[in-house]
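Report on the structure
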Amino acid sequence: MNATSLQRHALTVIVLAQLCGTSLWFSVNGVGLSLSRDLGFSEVDLGRLTLAVQAGFICGTLFIAATGLADRFRASRIFAASCLAGALVNAAFVLAATQFPLAVLLRFATGLCLAGIYPLGMKLVIGWTPKHTGAALSWLVGMLTLGTALPHLLRGSTLGMPWEWPLLGASLLALLGGAMVLRLGDGPHLPPSAGKARLSEGLAALGVKRFRAVAGGYFGHCWELYAFWMLTPFLVMREVERLMASNDLVAWLSFGIIALGLVGCVGGGWVSRHLGSLWVARWALTASGMLCLAYPLLAWAPPGLLLALLFLWGLTVIADSPQFSALAAAAAPRERVGSTLAVMNAIGFALTIPAISLTTTLWSLQELWVLWWLLPGPILGLWALRGVSGSAEPAPARQA
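Nothing here was measured: the structure is a model prediction, and the numbers come from that model.

This brings us to the pattern of salt bridges. A complete count under the given rule lists five salt bridges for this structure. When the shortest N-O distance is used, the salt bridge between Glu 239 and Arg 242 registers 2.7 Å. On the criterion of helical spacing, the pair formed by Glu 239 and Arg 242 is a turn pair, its members being three residues apart in helix H13 (residues 209–243). For Arg 242, a relative accessible area of 32% corresponds to the partly exposed category.

Take a look at the structure:
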């Protein structure tokens, strides 16, 4: 495919590259049950590996914001270089898994690389599709969701094979994603480089009331989201054991629950064209919060019902994320949109660390009741949005 043809389908190229690149994020979690069986990893160990990725992502986004990389250099080149480095580091985990401290360090490095993939993917979307930001970002975050689920699919499709195969498959996908974006290049709709940046400039948007409220909603969303994704295989395993079914179903069901978020993101993007991003963000956060509240109370319910609720939760828990990003991009200073989104991501993902730590540490003691530790996220997120109106959003007619 030549460059002109790629540019005509820029959004498709970016979201597919995002899918490939973000398959690195939960690559180890996709083989978590195999690591527990073969290497003796506990839930706490798997939680630490996930926390290392989150910590690396936070440090990476802060570095991008502090140095101004997101606004000083071509986003496509940063994206491609991050995919290459992430693929190599993820593959190295295969050799280091038995040495836990080194394994944690490699997952931290994977998070650093992801900081050059996810936020830069948002900037690429804004650069190529400025009039369709809410709907376009819904596809981008949908592919992040599918990328998160992909390791479970890789594990399910390689059952009976060594656990190393899905990890190497994720690395190959990341290489493909980087090559696609490098070939595409940057979009024509971003302002020129803003020159040397300071971290304070990335934080400046937090002084804007509307941006601060939107960021607060996003922070609450982050508290819930990644801890839920981390717990999904454990929640599924509980119901599969109650059904007395094969444990092979865990990988497939976990993939389905997380991957359904793609439908939630894209559906939310379509609704946002008619009702606005703020409306979608509020209702998705409300729905996932209600499921978080109700699920432990239904511990006695038939396994099929609880699995259905998990699928519904997977649909709603991510649907608000692209709309928060669209709202934040609209409220951020145009010349610092890359740094501002990087800082917002860093703060949001910092909040995932205590959420994941709490839930993985307490799972063996509290099981389903541990989900209530996620409730502060939706509650505080909705509280942050309480005074925000939709009047400052782009009209749906201009988004279409």
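Okay, the packing of helix H2 (residues 10–21) against helix H11 (residues 164–184) next. H11 packs onto H2 with a crossing angle of 155 degrees between their chain directions and a minimal axis gap of 7 Å. Classified by the angle between their axes, H2 and H11 sit roughly antiparallel to one another. Seen along the crossing, H2 lies across H11 with a hand that is left-handed. Residues Ala 10, Val 13, Ile 14, Leu 16, Ala 17, Cys 20 and Gly 21 of H2 pack against Ala 170, Leu 173, Ala 174, Leu 176, Gly 177, Met 180, Val 181 and Leu 184 of H11.

This part is about the side chain of Thr 232. As for its position among the elements, Thr 232 is in helix H13. The exposure class assigned to Thr 232 is buried, which follows from its relative accessible area of 1%. Leaving out residues up to four positions away in the same chain, Thr 232 has contacts with Ser 254, Ile 257 and Ile 258.

A few words on helix H8 (residues 100–114). With 15 residues, H8 ought to run about 21 Å at 1.5 Å a step, and its terminal C-alpha atoms sit 21 Å apart, in line with that. Listed in full, the buried residues belonging to H8 are Ala 103, Leu 106, Arg 107, Ala 109, Thr 110, Gly 111, Cys 113 and Leu 114. The inward-facing, buried residues of H8 abut H2, helix H3 (27–30), helix H5 (43–67), helix H7 (75–96) and helix H9 (118–128).

Residues other than glycine seldom take positive phi values, yet Met 244 does so here, at roughly 55 degrees. Position of Met 244 among the secondary structure elements: in the loop between H13 and helix H14 (249–259). According to the relative accessible area criterion, Met 244 is exposed, its value standing at 74%. Look at Glu 367: it is not a glycine, yet its phi comes out positive at around 45 degrees. As for its placement among the helices and strands, Glu 367 is situated in the loop between helix H19 (337–366) and helix H20 (376–384). Since its relative accessible area comes to 40%, Glu 367 is described here as partly exposed.

Calculation rules
Each chain carries its own residue numbering, running from 1 in the direction its sequence is written. A pLDDT threshold of at least 70 governs which residues receive local features in this predicted model, and a stricter bar of 80 or more applies before side-chain atom pairs are shown or counted, although totals over entire chains, interfaces and linings include all residues. In computing side-chain values, all of the structure's heavy atoms are included and hydrogens and water are not. For this document, the term salt bridge refers to a Lys or Arg side-chain nitrogen within 4 Å of an Asp or Glu carboxyl oxygen. Elements are defined by DSSP. Helices are runs of H or I of four residues or more, strands are runs of E of two residues or more, and each kind is numbered from the N terminus. Burial here depends on accessible area, computed with a 1.4 Å probe over protein chains only, as a share of the maximum for the residue type. Under 20% is buried, over 50% is exposed, and the range in between is partly exposed. Note on geometry: axes are C-alpha line fits, over the in-contact stretch for helices, and angles between N-to-C directions span 0 to 180 degrees. Between 65 and 115 degrees an angle is taken as roughly perpendicular, under 35 as roughly parallel, over 145 as roughly antiparallel, and anywhere else as oblique. Should the near helix be turned anticlockwise from the far one by less than a right angle, the crossing is termed left-handed; should it be turned clockwise, right-handed. Contacts are residue-level and defined by heavy atoms, with any inter-residue pair within 4.5 Å sufficient. Helix span, expected: 1.5 Å multiplied by one less than the number of residues in the helix.

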